[in-house]
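Okay, here's what each chain looks like letter by letter:
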Amino acid sequence: MERLKALGLEDVRMDSEGNVHGLRKGRGKGPKVFVSAHLDTVFPEETDTTVQQKNGMMHAPGIGDDARGLAELPAVVRAISEAGIDNTGAIIFGGTVGEEGAGDLRGVKAFFAEHQDIDGFLSLDGPGSNDITYLATGSYRYKITYRGPGGHSFAAFGTPSATHALGRAMAAIADLETINEPKTTFSIGQVSGGTSVNAIAQEASMLVDLRSNDQQELDKLEHYFLEIVEKAARAENVRWGDDRLRVRINRFGNRPPASQSGDEPIVQVASAASHSLGAEPQLKKPSSTDANYLVSIGIPAIAIGLGGEFVKAHTLEEWHDPKNGYLAIQKSLMTILGLVGVEKISPPLL
């Protein structure tokens, strides 16, 4: 908020979800575009993110994803302001929350629920200064928890076990078959449960990620997955002639898959910006970004790559080389101005 206010943006505020944004008004009739970088990282709050500079490299968890985007965004605002550019359409610049992990894109979902007048969305995120992500990989995230009566491993033998039920489900999930195109995947990312080597587990759980580039395939995979989860609970109860073991199903993530044409103006403008710098734009395969949600509801949206080199993202050893990073800032500046237009110079292209 302090940075955006210092750059002269209007109506700078933090919304109830935690997004921060400010407005640069348009001087004419044109589209309104939201430009953002995400504020969150994948690391726990207590993680030391102090930046260490070594031989021109910047070392810190989250330094590239997405601290680099959060640095490039105000650089674009400052360039527009100091050059005295009269943008035709309005531009909202900001930072969003909930892009990573279990955030479920809650930041952009909340922002667009509150703002019904946005015509396009641009996310500054990811490596590859000339990369353009315009297709969206969808995902469902689940926490599955089995819970039973538990007991002593010897004295209460014959009681259904939460960990045994979890194991049945995991083995069946591991044997699922998915298609290669559209790419569809599954992963059990984390498991927990039990209290002791000599105790029948009362509770056991797993976190599961289901993904696909196609909504129909994602829903099909989800159907098979849920069947397995329920069947595992029934099988464990049947094994011991009991009915006390239960399964709790919690879907905590829903990122919609979506697609748009590579001929969409927002994609072509970003491509032209790269061409103008003598570079070849790279239209990337589908992935999961803040743009997912917008494309799914019919708003033109892309994520464009950042400047410099990125190494070991999502690890504590992450580092960033900012060399030639200014080129990506120039590309973002031209992309934004191409979309909203510049008074008496170029019309809005969105």
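Coordinates for the structure precede this section.
First things first, this report covers the structure right here in the doc. (Residues numbered from 1 in each chain as written. Predicted model: local features only at pLDDT ≥ 70, side-chain atom pairs only at ≥ 80, totals over all residues. Heavy atoms only, no water.)

1. Section: the sheet that holds strand S8 (residues 131-133)
Next up, step 1: Spatial ordering of the open sheet is given by S1-S2-S6-S3-S7-S16-S8-S15, a layout of eight strands whose pairing is mixed. Each edge of the open sheet carries a strand with a single partner, namely strand S1 (10-14) and strand S15 (282-283).
Next up, step 2: Two elements, strand S3 (residues 32-38) and strand S6 (residues 90-96), share seven bridges in a ladder whose sense is parallel. The residue bridging Lys32 from the neighbouring strand is Ala90, located in S6.
Next up, step 3: The strands touched by helix H8 (residues 326-340) within the sheet are S3, S6, strand S7 (120-124) and strand S16 (301-304), with S6 carrying the most contacts at an inclination of about 135°. (Pairing = 2+ DSSP bridges. Helix = DSSP H or I, 4+ residues; strand = E, 2+ residues; numbered from the N terminus. Contact = heavy atoms within 4.5 Å. Axes fitted to C-alpha atoms, helices over the stretch in contact; angles between N-to-C directions.)

2. Focus: empty space enclosed by the protein
Next up, step 1: All told, the structure shown has one cavity of 30 Å³ or more when counted by the stated rule.
Next up, step 2: Along its surface, the largest cavity is lined by Thr133, Tyr134, Leu135, Ala136, Ser287, Thr289, Ala291, Asn292 and Val295.
Next up, step 3: The leading source of residues in the lining of the largest cavity is helix H7 (residues 291-296), at three residues.
Next up, step 4: Its residues assigned to classes, the lining of the largest cavity shows five nonpolar, four polar and no charged. (1 Å grid on protein atoms, 1.4 Å probe; cavity = no way out; pocket = protein on both sides within 12 Å on 5 of 7 lines; lining within 4 Å. Points joined across faces, edges and corners; volume = space filled by probe spheres on them. Nonpolar A, V, L, I, M, F, W, Y, C, P; charged D, E, K, R; others polar.)

3. A look at the pairing of S1
Next up, step 1: As paired strands, S1 and strand S2 (residues 20-24) are joined by three bridges and run antiparallel to one another. What sits directly across from Glu10, in S2, is Leu23.
Next up, step 2: Counted along the chain from S1 to the antiparallel partner S2, the turn is five residues long, and its residue Gly18 has a positive phi close to 115°.

4. Here's the deal with the environment of Pro160
Next up, step 1: Positionally, Pro160 belongs in the loop between strand S10 (151-152) and helix H4 (162-174).
Next up, step 2: Note on Pro160: relative accessible area 0%, which makes it buried.
Next up, step 3: Between the C-alpha atoms of Pro160 and Val97, which are 63 residues apart in sequence, the distance is 41 Å.
Next up, step 4: Excluding its chain neighbours within four sequence positions, the residues that come into contact with Pro160 are Pro149, Ile200, Glu236, Asn237, Trp240, Asp242 and Leu245. (Buried < 20%, exposed > 50% of the residue type's maximum accessible area, 1.4 Å probe, protein only.)

5. Comments concerning the nonpolar core
Next up, step 1: Formed by 31 residues in total, the largest nonpolar core has its most connected members in Val35, Ile80, Phe93 and Ile302.
Next up, step 2: Of all the elements in the fold, those that place two or more residues in this core are S3, helix H2 (67-82), S6, S7, helix H6 (265-276), S16 and H8.
Next up, step 3: Considering every element that reaches this core, the biggest residue donor is H8, with five residues.
Next up, step 4: When neighbours within four sequence positions are excluded, Ile80 is seen to be in contact with Arg24, Ile85, Asn87, Ile91, Phe93, Leu333 and Leu337.
Next up, step 5: Core analysis: the next-biggest nonpolar cluster, separate from the first, contains 23 residues, Ile144, Ala165, Ala169 and Ala201 among them. (Core = buried A, V, L, I, M, F, W, Y, C linked by side-chain atoms within 4.5 Å.)

6. Here we look at the sheet that holds strand S5 (residues 57-59)
Next up, step 1: In spatial order, the strands read S4-S5-S18-S17; together these four strands make up an open sheet with antiparallel pairing. The two strands at the open ends of the sheet, each matched to only one other strand, are strand S4 (52-54) and strand S17 (309-311). With strand direction ignored, the average angle separating the axes of adjacent strands in the sheet is 20°.
Next up, step 2: Here S5 pairs with strand S18 (residues 319-321) via two bridges, running antiparallel. By the bridge assignment for S18, Met58 is matched with His320.

7. Details of unusual backbone geometry
Next up, step 1: In this structure, Asp66 follows Asp65 across a cis peptide bond, with omega equal to 5°.
Next up, step 2: Mapped onto the elements, Asp66 comes out in the loop between S5 and H2.
Next up, step 3: Backbone torsion omega between Glu181 and Pro182 reads -10°, so that peptide bond is classified as cis.
Next up, step 4: In this fold, Pro182 is placed in the loop between H4 and strand S11 (184-193).
Next up, step 5: Phi at Asp104 takes a positive value of approximately 60°, unusual for a residue other than glycine.
Next up, step 6: Within the secondary structure, Asp104 is located in the loop between S6 and helix H3 (106-114).
Next up, step 7: Asp104 sits in the buried class, given a relative accessible area of 17%.

8. Digging into the side chain of Thr137
Next up, step 1: Looking at the secondary structure, you find Thr137 in the loop between S8 and strand S9 (138-147).
Next up, step 2: Engagement of the side chain of Thr137 in a polar contact is seen with the side chain of Asn213, the distance being 2.6 Å.
Next up, step 3: Leaving out residues up to four positions away in the same chain, Thr137 has contacts with Arg211, Ser212, Asn213, Arg255, Pro256, Pro257, Pro286, Ser287, Ser288 and Asn292. (Polar contact = N/O pair within 3.5 Å; in protein donor to acceptor, adjacent residues only side chain to side chain.)

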